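Tertiary structure, described
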Amino acid sequence: MEPLVTVVTVAFNSEKTIEKTIKSVLGQTYPKIEYLIIDGRSSDKTVELCKRYEKQALERGYLYRIVSEKDKGIYDAMNKGIAMAKGEILGFINSDDWYEKDAVSLSVKTMLKKGCDITFGDIAIHKADGSRIIKKAALSRYETSRHWNHPTMFVKTSVYREFPFRQKGIHDDYGAYLAMKKAGKKVEVIHRVLADFSMGGASNKRSLKLSVKRIKDRYGCYRDNGYGRWYIIECILMEAGKFIFG
């Protein structure tokens with residue numbers, strides 16, 4: 001029997017990008033989806049745009065819910081989504097990113113076949129100049145976010161409730177993933193592009209001050225989960241790459 005999958009999109013003043021995200025969710029090949037849009041009380045037309053798709057979601061047989069209220073940031077909003085989710089499996093797709101059409105079905109199929117708690121796959125990264133690169137997913141002995149892609153990740157909802165986002169910094173999503181792995185949750189990688197990511201968000205803005213903050217946030221994720229001090233090198237190299245190559 002196919003499990004219900006909850007997809008959550010967190011939004012705030014996202015009228016320019018969120019329609020592509022919504023269309024990608026409603027265009028999934030998987031038949032049993034609950035779609036939650038958690039809006040931070042946008043002042044633009046974000047909520048109005050979301051409401052336009054209620055009929056289409058109903059026609060597809062999807063559960064569709066929009067919540068618009070003030071929050072304490074992206075991870076507070078994501079935690080609201082975790083608390084509200086009715087599905088057995090949960091995925092997050094941001095309001096400026098989008099899924100490939102088989103993202104949910106491939107993830108569910110892998111989860112059921114492998115008996116795992118977490119899946120994630122490759123992601124296509126779209127740069128401002130129109131070019132695209134593929135960031136490959138992988139599991140390795142040496143833990144690194146270079147092989148991990150949160151927009152492609154699906155997790156048993158019960159696991160997300162065990163490890164909610166702690167709202168410590170911009171890399172809370174990676175911190176939650178590390179905590180899940182530390183607890184022995186089983187992970188499987190799907191070697192297919194499952195989602196598309198637009199560069200230019202908070203995790204990619206070029207700024208020395210922001211880069212230093214992101215280094216500290218990422219390093220904190222490692223240290224909080226028992227990784228050695230030398231992981232600071234990994235954090236610095238990740239930010240250096242973003243700063244140089246965009």
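Computed from a prediction, not measured in an experiment: that's the story for all the values here.

Rules behind the numbers
- Residues numbered from 1 in each chain as written.
- Predicted model: local features only at pLDDT ≥ 70, side-chain atom pairs only at ≥ 80, totals over all residues.
- Heavy atoms only, no water.
- Helix = DSSP H or I, 4+ residues; strand = E, 2+ residues; numbered from the N terminus.
- Buried < 20%, exposed > 50% of the residue type's maximum accessible area, 1.4 Å probe, protein only.
- Contact = heavy atoms within 4.5 Å.

Residue placement: Ile82 occurs in helix H4 (residues 74–84). In this structure Ile82 comes out as buried when scored by relative accessible area, which is 3%. When the C-alpha atoms of Ile82 and Leu36 are compared, they prove to be 9.8 Å apart, with 46 residues separating the residues in sequence. In this view, Ile82 contacts Leu90, Phe92, Thr157, Tyr160, Arg161 and Phe165; residues no more than four positions away in its chain are not counted.

In most cases, non-glycine residues show a negative phi, while peptide bonds are predominantly trans. Positive phi, close to 50 degrees, is recorded for Asn13, a residue that is not glycine. Relative to the helices and strands, Asn13 resides in the loop between strand E1 (5–11) and helix H1 (18–26). A relative accessible area of 33% means that Asn13 is categorised as partly exposed.

Assignment of secondary structure puts Lys80 in helix H4. Put simply, Lys80 and Val67 are 13 residues apart on the chain and 9.7 Å apart in space, counted from C-alpha to C-alpha. Apart from residues lying up to four places away in sequence, Lys80 is in contact with Ile38, Glu69, Lys70 and Asp71.

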